[in-house]
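Read off the chains here:
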Amino acid sequence: MPTDDAYNILIIGAAGDLALNKLYPALYYLHRDGNCPEEMSIYGISRRTLRKNTFLNTIKSNIAADKFFDDNAWQSFARRLIYTSLDATDPPTMKKFSRELKKTRRSLIIYLAMPPNLFTATCQSLKSADIVNEHTRIVVEKPLGDSQHSFIETNNLLSDIFHEQQIYRIDHYLGKEAVQNLLVLRFANLLYEPLWNHNYIDHVQITVAETVGVDGRAQFYDATGALRDMVQNHLLQLLCLIAMDPPATLSSNAVSDEKLKILRSLKTIDHTNARDYTVRAQYTGGAVDGKSVVGYMEEKNMPAQSTTETFVALRAEIDSWRWSGVPFYLRTGKRLPKRSSEIVIQYKQVPHIIFPHSAASPNTLIIRLQPNEGIQLKVMNKVPGLDQDIELSPMTLDLFFSKIFAQNRHIDAYELLLLNVIRGDTTLFMRADEVEAAWEWVDKIRAGWHKIKHPIGQYTAGTWGPTDAVALLAKRDRSWYEQ
Ligand code: BG6
């Protein structure tokens, strides 16, 4: 019988981009740094026929360029890897394979890294192959459905085979160092919490800007769009971490309970207010990072007449005592001028200004998630001098993590997430009800767009989106923070 503390990993979809570019490199670093149990084997299966050497070389080429590459560690890591070409959706094949796995007498961490269209068949095949026991852990990647309805269907399928504590729903943003630091910033400092509410905060901005385009994923992306690809998961998770009440503990359920309260308090955006609260647009040809790029419609394999948004900006509101009247402006887009994810907390102006000769601007807290993780606090300061008319100047307190922590290398989100799966800790993963609530909110926006035939705007690649996104804030005398 498999035991509850000895695990092998099984990656289904082992020859896909996610596995080759993210999962195997993350596991290599965990192995190199002594974070993998000694005996753990890493099985990879996919339908692609690959010679073992080709498979290993592909993984190695993704790691070897790193200046921290260690060939000895690679050799011992490679000994853990087993690749088998087989169809995971075929129950008899999986049954046969499961006999192989059972010989190791270890439980499994199963990582579903294959395209969503194979999800149902793979789950059914896992079930009938008798590969799962009460210790098995299953890791699933977004997209988790494409609507509330399909999420529930997918989730029912998983719940039929696994208990909730066995399911690890990944949002890789939750594994980013700076995202975890949000919890520390908010709940290990007394300084912020008393001011963290509608009395002192004017509004919050959450921006996830990308310079990449659809990156060869035209088919997936065009059927998805920025709202479902980014807002439903990454941006809403960030919003939850910023807006939630302090959880009683760091346990997975305590954190999920608080996040869920936020998701359920989001004011509905539907056909009645979508025009005022949302902006959607698609990029046209332009230049990013000094290189000219084609427009969305000219991307390879793009269907003609697509109206899918590659940019979305919206004003979210949380109906709660803490956040009443505080807008959370979210925006994300492809082909923007720079890759940058940041959260901006814009405080209100001081209630009474006693310095008549100089303007005072309100405080701003900027949390940079990537790149150059750090925290900046804009405060007002006196300009040194003997002048009787005190002159004020905004100054920045700057915490630049890579300068402060002499970190050797950037730890990818997948390393931490996989390590937590190995440890059996679900805190950084999403509970089913969170995902469902996020879908419910997003579905209403989509239905609203559909009903009012909300037009798709355009923006030139390499700019910060359409002018409507500027207007979204400007109509309430605000502007996006850009430095
Ligand atoms: C993924 C989206 O979830 O996140 C991609 O599907 C997006 O479209 C990516 O590019 C962004 O992740 P990161 O970590 O590069 O910000």
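Further up the page is the structure itself.
Residues numbered from 1 in each chain as written. Predicted model: local features only at pLDDT ≥ 70, side-chain atom pairs only at ≥ 80, totals over all residues. Heavy atoms only, no water.

A. Local environment of the overall build of the protein. Secondary structure summary: the protein contains 15 helices and 17 strands in total. Here the C-alpha atoms of the protein give a radius of gyration of 24 Å, agreeing with the 23 Å that 2.2 N^0.38 yields for 483 residues. Taken along its principal axes, the extent of the C-alpha atoms in the protein is 85 × 50 × 45 Å. Across the 483 residues in the protein, those meeting the buried criterion constitute 53%. Within the protein, contacts between residues at least 6 apart in sequence are counted, and of these 78% link residues at least 24 apart. Of the roughly 22600 Å² of accessible surface on the protein, a fraction of 51% belongs to carbon and sulfur atoms. With 55 positive and 55 negative side-chain charges, the protein shows a spacing of 3 Å between the two charge centroids. (Helix = DSSP H or I, 4+ residues; strand = E, 2+ residues; numbered from the N terminus. Rg over C-alpha atoms; globule rule 2.2 N^0.38 Å. Buried < 20%, exposed > 50% of the residue type's maximum accessible area, 1.4 Å probe, protein only. Contact = heavy atoms within 4.5 Å. Areas by Shrake-Rupley, 256 points an atom, 1.4 Å probe, with all protein chains shown as cover. Lys, Arg positive; Asp, Glu negative; His and termini not counted. Charge placed at Lys NZ, Arg CZ, Asp CG, Glu CD.)

B. Highlighting empty space enclosed by the protein. Under the defined criterion, the tally for this structure stands at three cavities of 30 Å³ or more. Size it by volume and the largest cavity reaches roughly 80 Å³. As for the largest cavity, its lining consists of Leu174, Val179, Gln180, Leu183, Leu241, Val255, Lys259, Thr427 and Leu428. Those elements that provide at least two residues to the lining of the largest cavity are helix H7 (177-187) and helix H10 (252-265). Examining the composition of the lining of the largest cavity, we find that three residues originate from one element, H7, more than from any other. For the lining of the largest cavity, a count of residues per class yields six nonpolar, two polar and one charged. Surrounding the second largest cavity, Thr207, Arg331, Lys338, Ser340, Glu342, Trp464, Tyr481, Glu482 and Gln483 form its lining. Its residues assigned to classes, the lining of the second largest cavity shows two nonpolar, three polar and four charged. (1 Å grid on protein atoms, 1.4 Å probe; cavity = no way out; pocket = protein on both sides within 12 Å on 5 of 7 lines; lining within 4 Å. Points joined across faces, edges and corners; volume = space filled by probe spheres on them. Nonpolar A, V, L, I, M, F, W, Y, C, P; charged D, E, K, R; others polar.)

C. A look at helix H6 (residues 148-161). Between its first and last C-alpha atoms H6 spans 20 Å; for 14 residues at 1.5 Å apiece the expected length is 20 Å, and the two agree. Three or more residues of H6 are buried, namely Gln148, Ser150, Phe151, Thr154, Asn155, Leu157, Leu158 and Ile161. Looking at the buried side of H6, the elements it contacts are helix H5 (119-128), strand E5 (137-140), strand E6 (167-169) and helix H14 (432-452). (Expected span 1.5 Å × (residues − 1).)

D. Seen up close, the site of the ligand. Lys142, His172, Tyr173, Lys176, Glu210, Arg217, Asp229, Met230, His234, Lys334, Arg339 and Gln370 make up every residue found near the ligand. Here an oxygen atom of the ligand and a side-chain polar atom of Lys142 are 2.8 Å apart. Here Arg217 contributes a side-chain N or O atom positioned 2.5 Å from an oxygen atom of the ligand. If the ligand stood free it would expose 400 Å²; the protein chains cover 80% of that surface. Per element, the largest residue contribution to the shell around the ligand is three residues, and it comes from helix H9 (residues 225-243). (Near = heavy atom within 4 Å. Polar contact = N/O pair within 3.5 Å; in protein donor to acceptor, adjacent residues only side chain to side chain.)

E. Looking closely at the sheet that holds strand E11 (residues 311-317). Taken together, nine strands build an open sheet; the order of strands is E16-E15-E14-E13-E7-E12-E11-E8-E17 and the sheet is mixed. In the strand order of this sheet, the two ends are held by strand E16 (392-400) and strand E17 (457-460), each with one partner. Averaged over all pairs of adjacent strands, the angle between strand axes in this sheet comes to 20 degrees, irrespective of strand direction. As defined by bridge partners, strand E8 (residues 278-284) adjoins E11 across four bridges and the pair is classed as antiparallel. If you follow Val279 over to E11, its bridge partner there is Ala313. Here helix H15 (residues 467-474) sits on the sheet and contacts strand E7 (201-209), E8, E11 and strand E12 (327-333); the angle it forms with E11, its principal contact strand, is near 15 degrees. (Pairing = 2+ DSSP bridges. Axes fitted to C-alpha atoms, helices over the stretch in contact; angles between N-to-C directions.)

F. Inspection of the packing of H6 against H14 at higher detail. Across the interface, H6 lies against H14 with an axial gap of 8 Å and an inter-helix angle of 160 degrees. One element, H6, and the other, H14, form an angle in the roughly antiparallel class. Touching Gln148, His149, Phe151, Ile152 and Asn155 of H6 are Ala432, Val435, Glu436, Trp439, Glu440 and Asp443, all from H14. For the contact of H6 with H14, the residue count by class is five nonpolar, three polar and three charged. (Parallel < 35°, antiparallel > 145°, perpendicular 65-115°, else oblique.)

G. Spatial organisation of the side chain of Thr122. Looking at the element boundaries, Thr122 is found in helix H5. When sequence neighbours within four positions are dropped, the list of residues in contact with Thr122 reads Ile12, Ala88, Thr89, Leu112 and Met114.

H. Just the pattern of salt bridges, in detail. In the structure shown here, the tally under the stated rule is 26 salt bridges. Note that Arg106 and Glu39 form a salt bridge whose closest N and O atoms lie 3.8 Å from each other. You can see Arg106 sitting in strand E4 (residues 106-112) and its partner Glu39 sitting in the loop between helix H1 (17-32) and strand E2 (42-46), a full 67 residues away along the chain. Judged by its relative accessible area of 52%, Glu39 falls in the exposed class. A salt bridge links Glu482 to Arg331, with the shortest nitrogen-to-oxygen separation between them at 3.2 Å. Separated by 151 residues along the polypeptide, Glu482 in the segment after H15 and Arg331 in strand E12 bring together distant segments of the chain. Within this structure, Arg186, Glu193, Asp245 and Arg322 form a network of salt bridges that share partners. (Salt bridge = Lys/Arg side-chain N within 4 Å of Asp/Glu carboxyl O.)

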